[in-house]
Protein chains: 4
Amino acid sequence: MRALVYHGPGHKSWDEVPDPEISADTDIIVQVDATTICGTDLHILKGDLPKVRNGRILGHEAVGTVDEVGDGVRTLTPGDRVLVSSVSACGTCQFCRQARYGQCLSGEGGWVLGHTIDGTQAEYVRVPFADTSTFRVPDGASDEEILMLADVLPTGYEVGVLAGGVRPGDIVAVVGAGPVGLAAIAGAQLFSPSHIVAIDLSDARLEAAKYFGADVIVNNSRENPLQVIRDLTGDLAGRFGADVSIEAVGLPATFEMAVKLVRPGGRIANIGVHGGAVTLHLDEQWIRDITITTGLKDTSSTPTLMRLVTSGQIDAKRFITHRFGLDEFEEAYDVFANAADNGALKVVLSR
Amino acid sequence: MRALVYHGPGHKSWDEVPDPEISADTDIIVQVDATTICGTDLHILKGDLPKVRNGRILGHEAVGTVDEVGDGVRTLTPGDRVLVSSVSACGTCQFCRQARYGQCLSGEGGWVLGHTIDGTQAEYVRVPFADTSTFRVPDGASDEEILMLADVLPTGYEVGVLAGGVRPGDIVAVVGAGPVGLAAIAGAQLFSPSHIVAIDLSDARLEAAKYFGADVIVNNSRENPLQVIRDLTGDLAGRFGADVSIEAVGLPATFEMAVKLVRPGGRIANIGVHGGAVTLHLDEQWIRDITITTGLKDTSSTPTLMRLVTSGQIDAKRFITHRFGLDEFEEAYDVFANAADNGALKVVLSR
Amino acid sequence: MRALVYHGPGHKSWDEVPDPEISADTDIIVQVDATTICGTDLHILKGDLPKVRNGRILGHEAVGTVDEVGDGVRTLTPGDRVLVSSVSACGTCQFCRQARYGQCLSGEGGWVLGHTIDGTQAEYVRVPFADTSTFRVPDGASDEEILMLADVLPTGYEVGVLAGGVRPGDIVAVVGAGPVGLAAIAGAQLFSPSHIVAIDLSDARLEAAKYFGADVIVNNSRENPLQVIRDLTGDLAGRFGADVSIEAVGLPATFEMAVKLVRPGGRIANIGVHGGAVTLHLDEQWIRDITITTGLKDTSSTPTLMRLVTSGQIDAKRFITHRFGLDEFEEAYDVFANAADNGALKVVLSR
Amino acid sequence: MRALVYHGPGHKSWDEVPDPEISADTDIIVQVDATTICGTDLHILKGDLPKVRNGRILGHEAVGTVDEVGDGVRTLTPGDRVLVSSVSACGTCQFCRQARYGQCLSGEGGWVLGHTIDGTQAEYVRVPFADTSTFRVPDGASDEEILMLADVLPTGYEVGVLAGGVRPGDIVAVVGAGPVGLAAIAGAQLFSPSHIVAIDLSDARLEAAKYFGADVIVNNSRENPLQVIRDLTGDLAGRFGADVSIEAVGLPATFEMAVKLVRPGGRIANIGVHGGAVTLHLDEQWIRDITITTGLKDTSSTPTLMRLVTSGQIDAKRFITHRFGLDEFEEAYDVFANAADNGALKVVLSR
């Protein structure tokens, strides 16, 4: 088959490689019908994630058709349409038995696809622990919209919105309006905050933020987000800041901004994938009752989000700005890497 | 009357000053029967807390006798014995109406005593918002033991143990075995963790930690606390770290240690008063589902802790290592400032 | 002044009575600009609430203008427009210091207005503990819409929606579509459930339920609500019931229905004022992980709801079906008591 | 092999039956080294649980040695010592993927052993979904103490103590001091309540309650538990009742008592297996902010409790009052059924 192979920092190509095979009886082989590229893949190509070895097939998101199942797979049969989650889970370790799938202790659990084992940017992919690492696709749902449930929507929702504890009437600041920031906005919207303030350097992304539910947009190359938020809270004594702030970039400066934006008692939910340490101003914050969270999604929200996507309460298709065939992977990467110029959010590659 | 007055960094003295007077009708004047010195007072003397002005009477902990009450005070009369909490609360602002007294928005709410208004290291003290800033002392309880409820016990319990979410069977790391760290150990003990690991540079403090409930003590000048904790979790796959880690020092290095010690999904509760920024290794932690909290106590736990102290379930007297008269304040400060040498925990000054 | 006075079961009249006077220095006297009638007032007139004595002025909801303030009132001055909450709170007792205002231990705390002290269905009303029993009305907000925050909206939201733990994607059953049931629907809507199922015997009320956000309406004189809910969950293995069920009637049969409608792990939030015991089928439910809650609101949500009402995210005016002058109280009671015939929801009486 | 077989209400015998066989590849066969009798087994023999058919082998608790494993079993091999939990879980259904194992939707999930499939009171037992229905026994732990983790300890802890939300300083009432009530007492003790009040009709059981941590014992044939609790709370304004009340009997009268004992804002955790409906006095309780919970354990606490048992923080052996060989089952049942006379708590039958 053909697959998008990583050849060290800066190098990748659409290569002919051997077909994947069942290696454990809980594996399945999935024919990839639709896949996509994540910002994390760009990090890998920069060499930021040293666990990714040369020769690795990238990608951790897919919708596809079950092609082959191991003897120990209980809930799936060939021909089933499945969502392949970016998080795999053995279902039996200490963390999985607490439903903390993102922290699965198995060698092939947690985020492994396109990271420590071959991934989904290929014609076929081997998925470990299939019963607890995939979800059945409901009849009538499109590949594209379900594909947004592989990573971006549950990550924005679980790691951003739920960890941030968004509540009705809140002011929510979302720092970064790339795909996962937009997913956090779409997820926050479900809780009827009074204001969602989206902050980014790209006007195109801020326009998308409005579509997904941002009430206020701030281009922080031109405006000071703290001032904007203080203006919003001005008439309410003491709410000098956002109730919840969601970091969806992964840089020291955006993390510092996210912390600075919250009121006493506020929460900062970090989603961003960071390549280095950040500065935390505990001299200012030790007394302010703040809570900072980090994390990987557990997929606990995936069935709920699937219901909301298929009922139309979340417009998942709106994330998709560009479509390609599988053999146009290199072009798709170019488009996605230049999102600032072309307004790309999610690019979908379909069989 | 006489009081301990701050005269700028490095300078303090036991001076003759005017008696305090009722200024708002919700004030009371309390005759100080017992007070103490907090590590934060040492920070002030170093000049670390710029809000403290020359001429300020220090101190934010007291047990005393109500001497005079404003017309608007509803629950107290002269002669009542009261605990003066380090946190004052107006009871009517937006945060107080949510029981978040530590974040009171009133000018004389939150931590103000010995900070932005005159404090308790004096013969008399004016306490604002008396109905919601003090607690009645039960008959039969000693001044000394109740004094430990003014700050150290509820701070260790609310900001350390409750924010940290300690649960039965947990491994709890407490970084710093000064008075507030010991209070966190005493509070953590209430939840029956499997192990409390106390970490400090002073063997004397580590001995005290054992008394309050630490099962394992680590002098980190000689031992690596991460290794000690890994040895504890060794036989349980994946629990490579503490469930909860409590920072009770207030330095960059101890905060970094506290973060490093927790397992995936763990919680870090910062109690330490920090004078500068710290480094947070989000490159390691973004994926690990950690939660970091900061805060000031709300006194929500004070009635509960008072019950546990008076019933003997918490041995509050054990915090007290040295006793003085009020006019021995300068000597008491010397002893407390040299705690590393003399094993001082809390020093009590009584009328 | 004139006021609506209770003269024993079945009897009330709009009488000339003495003006209220400040009796404690934390009291205020409020000129009633707008008030309303609650279903609970009808219960009182049936004799169901024996604590209500002959001669009591009824009513526990008002928006008005502060006329006089006691010396101990700190946050209000004559001329201020205020919302008078149905729950009064001393702010200093054990429960108030935990922000559980509905359970205030003071003699004039909790639900006292129109219950154990004179109420708001009058030209003037004395409000105890004014600082913690009222809320300032924002400029530009109408009396009518703010009046809905005195009881019906925070009760539906706190006792129904928050206690019931409604979450995005849930199926929520609301048994009873009177004003408080509709408030629960409006509140549930803030959490983006997948379906809100409103159940009532009145088609007019069910139509109102649709306006406030019910997706499915069931007239249980004609349809079986359990079957309707099972049809909704049909395609999702095992979700044989609602996630949350809210009882907003106060009868044994409606409580039993509310319990029966939830799935394993579901929650039943009782809002209804019950005049007798109910049957709980623990033989069926002991194994099903259900949670049942009861309660009185604490007003913790009032500031949030006020923001959502004034921003238009909740359409509070839509509750109001009939308007009267204060001296038309007897007619207003007639209309409200015959809601089944005339579609009355909330009736407003204005100066 | 031989097994204890149910032959309809009132009838059981120790019969020769066919050996169990692997039927699904996730099954294991366990040689039973130790098993016990549960109060629920007595309910079955009274005919209270109609799902139990004639010919069923009873029992849902065991410690044993893995004899045979299905091809799909991943974490166990013959010879492993395992705890067989009373709750089986498929690990892949909607509820299991949320770690709600007690509500497993699979035909052989939830409580099935000795209920809808053959159980553990036999020489061998087939355990479905072995990877998620059993726990490895640590080296050095005795069969007897680990056996207490099959049902009684996690049930008392999860369904009683955790659902009841016991906290330090609480007053906890436990209605019923049979084995599961005692387990609730042992579990509550882990949270350092100020008082645990055990209520039962048997003085022998009340003595055992004291051993496990009850501070106050009430024989309700002679004393009024409400009065005892009010005396405890007397000096604390408004705490007229227990903070948490745990029902561990399963009768209408004990449930009503459990509800009556709590303060406003209190929680009632029902553990009792009920054979009929109960009366809930919502006319008294609608306004009191109470929470009632029911449930089956999910085994989420089993690893934690195992740690606490093996470290000696919970003395599991103390539950065991009588010991028998497997072929003495009929005598063991007689002893257990006459617990009121002979003080029996748990009886253990060992190979």
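Structure: see above.
Draft legend 1. Representation of the overall build of chain A. Scanning chain A for helices and strands turns up twelve helices and 16 strands. For 351 residues, the compact-globule formula gives about 20 Å, and the C-alpha radius of gyration of chain A, at 20 Å, lands near that figure. Seen through its principal axes, chain A has C-alpha atoms that stretch 65 × 40 × 40 Å. Buried residues in chain A amount to 66% of all 351 residues.

Draft legend 2. The arrangement of the relation of the copies chain D and chain C in detail. Superposing chain D onto chain C takes a rotation of 180° plus a shift of 0.0 Å along the axis, which leaves an RMSD of 0.0 Å. On the angle and the small slide along the axis, the relation comes out as a two-fold axis. Of the interface residues in chain D, 100% have counterparts in chain C that sit at the interface too, so the contact is made through matching surfaces.

Draft legend 3. Spotlight on the packing of aromatic side chains. What the rule picks out here adds up to 22 aromatic pairs over all chains. Consider the rings of B:Tyr211 and B:Phe212, whose centres lie 5.4 Å apart with planes at 90°: the pair is edge-to-face. According to the relative accessible area criterion, B:Tyr211 is partly exposed, its value standing at 42%. On the accessibility criterion, B:Phe212 (7% relative accessible area) is buried. An aromatic cluster of three or more residues is present, and its members are A:Tyr157, A:Phe191, C:Tyr157 and C:Phe191. The aromatic ring of A:Phe135 is capped on one face by D:Arg97, whose charged end is 4.1 Å from the ring centroid.

Draft legend 4. How the structure looks around the interface of chain A and chain B. The interface of chain A with chain B comprises 39 residues on the first partner and 39 residues on the second. Counting each side, the surface lost to burial between chain A and chain B is near 3,300 Å², with a carbon and sulfur contribution of 59%. Ionic pairing is found between A:Arg100 and B:Asp289, a salt bridge with its closest N-O pair at 3.1 Å. Elements that contribute at least two residues to the side of chain A that touches chain B include exactly strand 12 (262-270), strand 13 (278-280), helix 9 (282-285) and strand 14 (291-293) of chain A. Broken down by element, the side of chain A that touches chain B gets its largest block of residues, four residues, from strand 12 of chain A. Per-class residue counts for the side of chain A that touches chain B are 16 nonpolar, 16 polar and seven charged.

Draft legend 5. Quick look at the interface of chain D and chain C. In this complex, chain D contributes 39 residues to the contact, which on the side of chain C involves 39 residues. Roughly 3,400 Å² is buried in total at the junction of chain D and chain C, and carbon and sulfur atoms are behind 59% of that figure. Across the contact surface, chain D and chain C share 21 residue pairs in polar contact (both at pLDDT 80 or more). Elements that contribute at least two residues to the side of chain D that touches chain C include exactly strand 12 (262-270), strand 13 (278-280), helix 9 (282-285) and strand 14 (291-293) of chain D. Tallying contributions element by element places strand 12 of chain D first for the side of chain D that touches chain C, with four residues. Split by residue class, the side of chain D that touches chain C holds 16 nonpolar, 16 polar and seven charged. As paired strands, strand 14 (residues 291-293) of chain C and strand 14 of chain D are joined by three bridges and run antiparallel to one another. For C:Thr291, the partnering residue across the bridge sits in strand 14 of chain D and is D:Thr293.

Draft legend 6. Broad picture of the relation of the copies chain A and chain B. Its rotation angle being 180°, the transformation that places chain A on chain B also includes 0.0 Å of axial translation and leaves an RMSD of 0.0 Å. Mapped onto chain B, 100% of the interface residues of chain A are again interface residues, and the two copies thus contact each other with one and the same surface.

Draft legend 7. Representation of the environment of C:Arg56 in the model. Residues and elements named next belong to chain C. On the secondary structure map, Arg56 appears in the loop between helix 1 (39-45) and strand 4 (62-69). Under the relative-accessibility criterion, Arg56 is labelled buried at 16%. For the pair Arg56 and Ala3, spaced 53 residues apart in the sequence, the C-alpha separation amounts to 9.6 Å. A polar side-chain atom of Arg56 sits 3.0 Å from the main-chain carbonyl oxygen of Thr116. A polar contact is formed between the side chain of Arg56 and the side chain of Asp118, at a distance of 3.0 Å.

Draft legend 8. Structural context of the side chain of B:Ser301. Residues and elements named next belong to chain B. Looking at the element boundaries, Ser301 is found in the loop between strand 14 (291-293) and helix 10 (302-310). By relative accessible area, Ser301 is classed as buried at 3%. Here the side chain of Ser301 touches Glu158 through a polar contact of 2.7 Å, side chain to side chain. In this view, Ser301 contacts Pro154, Tyr157 and Glu158; residues no more than four positions away in its chain are not counted.

Draft legend 9. A look at the packing of helix 4 (residues 152-164) of chain A against helix 10 (residues 302-310) of chain A. All names here are of chain A. Put simply, helix 4 and helix 10 touch, their axes get as near as 10 Å, and they point 120° apart. The two elements helix 4 and helix 10 cross, and the hand of that crossing is right-handed. On the side of helix 4, the interface is formed by Leu153, Pro154, Tyr157 and Glu158, while helix 10 contributes Thr302, Leu305 and Val309. The residue inventory of the contact of helix 4 with helix 10, partitioned by class, reads five nonpolar, one polar and one charged.

Draft legend 10. Representation of the environment of C:Val112 in the model. Residue and element names in this part refer to chain C. Relative to the helices and strands, Val112 resides in the loop between strand 5 (81-84) and strand 6 (124-127). Judged by its relative accessible area of 3%, Val112 falls in the buried class. Through-space distance from the C-alpha of Val112 to that of Ser86 is 7.7 Å; in sequence the pair is 26 residues apart. Not counting the four nearest positions on each side in its chain, Val112 is found in contact with Ser86, Ser88, Gly107 and Ile117.

Draft legend 11. A look at the sheet that holds strand 10 (residues 216-219) of chain D. Reading across the sheet, the twelve strands line up as 10(C)-9(C)-8(C)-11(C)-12(C)-14(C)-14(D)-12(D)-11(D)-8(D)-9(D)-10(D) and stay open at both edges, with mixed pairing between neighbours. Looking at which strands have only one partner, the edges of the open sheet turn out to be strand 10 (216-219) of chain C together with strand 10 of chain D. Direction aside, neighbouring strands of the sheet carry axes that sit 15° apart on average. By the bridge criterion, five bridges tie strand 11 (residues 242-247) of chain D to strand 12 of chain D in an arrangement that is parallel. Paired with D:Ile246 across the two strands is D:Ala269, which belongs to strand 12 of chain D. The sheet contacts of helix 6 (residues 203-212) of chain C involve strand 9 (195-200) and strand 10 of chain C, and relative to strand 10 of chain C the element is tilted by about 170°. Sitting on the sheet, helix 4 (residues 152-164) of chain D touches strand 11, strand 12 and strand 14 of chain D, and the angle it makes with strand 12 of chain D is about 160°.

Draft legend 12. Just the packing of helix 4 of chain A against helix 5 (residues 179-189) of chain A, in detail. Residues and elements named next belong to chain A. Closest axis-to-axis distance for the helix 4/helix 5 pair is 8 Å, and the angle between their directions is 65°. As judged from the angle between their axes, helix 4 and helix 5 are roughly perpendicular. Pair helix 4 / helix 5 crosses with right-handed handedness. Facing Val152, Leu153, Thr155, Gly156, Tyr157 and Val161 of helix 4, the residues of helix 5 in contact are Pro179, Val180, Ala183, Ala184, Gly187 and Ala188. Residue composition of the contact of helix 4 with helix 5, by class: nine nonpolar, three polar and no charged.

Draft legend 13. Structural context of the sheet that holds strand 8 (residues 171-175) of chain B. A sheet is described by the order of its strands in space; here twelve strands give the open sequence 10(A)-9(A)-8(A)-11(A)-12(A)-14(A)-14(B)-12(B)-11(B)-8(B)-9(B)-10(B), paired in mixed fashion. On the outer flanks of this sheet lie strand 10 (216-219) of chain A together with strand 10 (216-219) of chain B, each paired with one strand and no other. Adjacent strand axes in the sheet meet at a mean angle of 15° when their direction is disregarded. Here helix 4 of chain A sits on the sheet in contact with strand 11 (242-247), strand 12 and strand 14 of chain A, set at roughly 160° to strand 12 of chain A. Sheet strands touched by helix 8 (residues 252-260) of chain A: strand 8 (171-175), strand 9 (195-200), strand 11, strand 12 and strand 14 of chain A. Its angle to strand 12 of chain A, the strand with the most contacts, is close to 145°.

Draft legend 14. Summary view of helix 10 (residues 302-310) of chain D. Residues and elements named next belong to chain D. Extensive coverage of helix 10 is indicated by the burial of seven of its nine residues. Restricting attention to buried positions, one finds in helix 10 the residues Thr302, Thr304, Leu305, Met306, Arg307, Leu308 and Val309. Turning to helix 10, the residues buried within the fold contact strand 5 (81-84), strand 7 (134-136), helix 3 (143-147) and helix 4. Just downstream of helix 10, Gly312 is the residue with a positive phi angle, here 90°.

Definitions and limits used
Residues numbered from 1 in each chain as written. Chains lettered and ligands numbered in written order. Predicted model: local features only at pLDDT ≥ 70, side-chain atom pairs only at ≥ 80, totals over all residues. Heavy atoms only, no water. Helix = DSSP H or I, 4+ residues; strand = E, 2+ residues; numbered from the N terminus. Rg over C-alpha atoms; globule rule 2.2 N^0.38 Å. Buried < 20%, exposed > 50% of the residue type's maximum accessible area, 1.4 Å probe, protein only. Least-squares fit on C-alpha atoms with pLDDT ≥ 70 in both. Contact = heavy atoms within 4.5 Å. Phe/Tyr/Trp six-rings, centres within 6.5 Å; stacked < 30°, edge-to-face > 60°. Lys NZ or Arg CZ within 6 Å of the ring centre and 35° of its normal. Buried area = accessible area lost by both parts, 1.4 Å probe. Salt bridge = Lys/Arg side-chain N within 4 Å of Asp/Glu carboxyl O. Nonpolar A, V, L, I, M, F, W, Y, C, P; charged D, E, K, R; others polar. Polar contact = N/O pair within 3.5 Å; in protein donor to acceptor, adjacent residues only side chain to side chain. Pairing = 2+ DSSP bridges. Axes fitted to C-alpha atoms, helices over the stretch in contact; angles between N-to-C directions. Left-handed = near helix turned anticlockwise from the far one by under 90°. Parallel < 35°, antiparallel > 145°, perpendicular 65-115°, else oblique.

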